[in-house]
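A closer look at the structure
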Amino acid sequence: MHLVIPFAAPLSEAGQQALSDLALPVLDALLARLTAADRNEGDEYQLSPPHERVLARALGWQGADGTLPWAARAAAVDGLDTGDLAWGLLSPVHWQIGREHLTMDDPEALALDAAESRAAFDAVRPLFESEGWLCAWGAPTRWYVAHETLADLPTASLDRVIGRNPDLWMPEHPAARFVKRLQNEVQMLLYTHALNDAREAAGREPLNSFWLSGCGVPQVERNAAPRMLDALRAPALREDWAAWAEAWRALDDGPLREALVQARQGAALRLSLCGERHAQDFVLQPRGVVAALRSRLQRPQAARLMAAL
């Protein structure tokens, strides 16, 4: 069993306070039985967040920062024949325009239904196809594009950009300038689209841009994917730390309690705790009686360990 917990530890002051107040007795008991193993070091400015780096390593993938082919993987799950093309995930989004900078909302916050999404997709696809790009619709918040320039284009994960200024996450890459131009053209097209007129009349946020991410050519998955426990993601991205703490307590009393039972039975286990900078793995390894007893008597406090992520 390999469990991965993204957004286990926030960096913001309010998030760190919520973490310090958090009691996770099951995780404490589990960590007392596990041994610290691999640590994936990084920083909060990397395009690929720690949980994506951990997943890529578990799958046996190779790739530089921001060039892991998540789009091709998601497209295959959505039933598309990806072949050996270089794919990118085109997420329809709402950009909030402030007095000093932009902020990108979570695509899911648009609550697009299939009809709305397809109408917007059909409107913007000629802009891409006229430049020789292949376009495909996968789901309301998952559109796909394929083009040779996406093979080595580094892009920031949605999980890095949501709630932040998207302009700061555009890479310095020749192909990125073309993407930026397309973003401007899409914004102008959608500004007067009947879909957004209807949404705004109903008091809903307009769909006014897109974010490109997960670019690259499909890679073979050499190992089974770990189990991603992503209940912390949504509250962390919207900085709802009360809901984040509640989600942590639910993980502690649910999947982590199940993992503790298995650990007590000696089952193979790997746990990856992922923050915004680093990821730390813990594994179940045989230990002597004295070492095991000492570890359980001196249980690590999970919150203290996660503060270093």
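Residues numbered from 1 in each chain as written. Predicted model: local features only at pLDDT ≥ 70, side-chain atom pairs only at ≥ 80, totals over all residues. Heavy atoms only, no water.

Some points on the pattern of salt bridges
Within the structure shown, the criterion is met by 19 salt bridges. Residue arginine 199 pairs with glutamate 116 through a salt bridge whose shortest N-O separation is 3.4 Å. One end of the pair, arginine 199, is in helix α8 (residues 194-201); the other, glutamate 116, is in helix α5 (residues 114-129), with 83 residues separating them in the sequence. Glutamate 116 carries the same exposure label as arginine 199, and that label is buried. One salt bridge connects glutamate 276 with arginine 164, and the closest N-O pair in it is separated by 3.2 Å. Placement of glutamate 276 in the loop between β10 (270-274) and β11 (279-283) and of arginine 164 in the loop between α6 (158-161) and α7 (174-191) is noted, with a sequence separation of 112 residues between them. Overall, glutamate 276 belongs to the buried group, its relative accessible area being 16%. (Salt bridge = Lys/Arg side-chain N within 4 Å of Asp/Glu carboxyl O. Helix = DSSP H or I, 4+ residues; strand = E, 2+ residues; numbered from the N terminus. Buried < 20%, exposed > 50% of the residue type's maximum accessible area, 1.4 Å probe, protein only.)

Quick notes on the nonpolar core
Core analysis: the biggest nonpolar cluster contains 85 residues, and Ile5, Phe128, Trp244, Trp248, Leu271 and Met306 have the highest contact counts within it. Looking at this core, the element that brings in the most residues is α7, giving 7 residues. Not counting the four nearest positions on each side in its chain, tryptophan 244 is found in contact with Phe7, Ala8, Ala9, Pro10, Gly15, Ala18, Leu19, Leu22, Leu232, Pro235 and Ala236. (Core = buried A, V, L, I, M, F, W, Y, C linked by side-chain atoms within 4.5 Å. Contact = heavy atoms within 4.5 Å.)

So, the packing of helix α2 (residues 25-33) against helix α11 (residues 255-264)
Taken N-terminus to C-terminus, the directions of α2 and α11 make an angle of 30°; their axes are 9 Å apart at the nearest point. Our classification of the angle between α2 and α11 gives roughly parallel. Here the hand of the crossing between α2 and α11 comes out left-handed. Touching Val26, Leu27, Ala29, Leu30 and Arg33 of α2 are Leu256, Arg257, Ala259, Leu260, Ala263 and Arg264, all from α11. (Axes fitted to C-alpha atoms, helices over the stretch in contact; angles between N-to-C directions. Parallel < 35°, antiparallel > 145°, perpendicular 65-115°, else oblique. Left-handed = near helix turned anticlockwise from the far one by under 90°.)

Details of α5
Here α5 contains 16 residues, and its C-alpha end-to-end distance of 21 Å stays within 8% of the 22 Å for a straight helix at 1.5 Å per residue. Taken as a whole, α5 carries its principal kink of about 30° at alanine 123; the proline proline 126 stands between one and four residues after it. Looking at the buried side of α5, the elements it contacts are β3 (87-93), β6 (134-139), β7 (142-146), α7, α8 and β8 (209-216). (Expected span 1.5 Å × (residues − 1). Bend = angle between axes of the 7 residues up to and from the residue.)

Points about the sheet that holds strand β9 (residues 227-228)
Spatially, 5 strands are ordered β2-β11-β10-β1-β9 in an open sheet, and the strand pairing comes out mixed. Unpaired on one side and paired on the other, β2 (35-40) and β9 mark the two borders of the sheet. Of the strand pairs in this sheet, strand β1 (residues 2-5) and β10 are connected by 4 bridges, and their pairing is parallel. Pairing of histidine 2 across the sheet is with arginine 270, part of β10. (Pairing = 2+ DSSP bridges.)

Considering the sheet that holds β3
As summarised here, the arrangement of the 4 strands in space is β6-β7-β3-β8, forming an open sheet in which the pairing is antiparallel. At either end of the open sheet lies a strand with only one pairing partner, and these are β6 and β8. Pairwise comparison of adjacent strand axes, ignoring direction, gives a mean angle of 25° for this sheet. Here 4 bridges tie β3 to β7, and the two strands are oriented antiparallel to one another. Bridged to leucine 90 within β7 is tryptophan 143. Where α5 meets the sheet, its contacts fall on β3, β6, β7 and β8, and the angle it forms with β6 comes to roughly 165°.

Things to note about the packing of aromatic side chains
A complete count under the given rule lists 6 aromatic pairs for this structure. When the centroid spacing of 5.6 Å and the interplanar angle of 85° are considered together, the rings of tryptophan 241 and tryptophan 244 count as edge-to-face. With tryptophan 241 and tryptophan 244 both in helix α10 (residues 241-253) and 3 residues apart, this pair spans about one turn of that helix. Of the residues examined, tryptophan 241 reaches a relative accessible area of 13% and is grouped as buried. An aromatic cluster of three or more residues is present, and its members are Phe128, Trp133, Phe178 and Phe210. The cationic tip of arginine 118 hangs over the ring face of tryptophan 137; the distance from NZ or CZ to the ring centre is 3.7 Å. (Phe/Tyr/Trp six-rings, centres within 6.5 Å; stacked < 30°, edge-to-face > 60°. Lys NZ or Arg CZ within 6 Å of the ring centre and 35° of its normal.)

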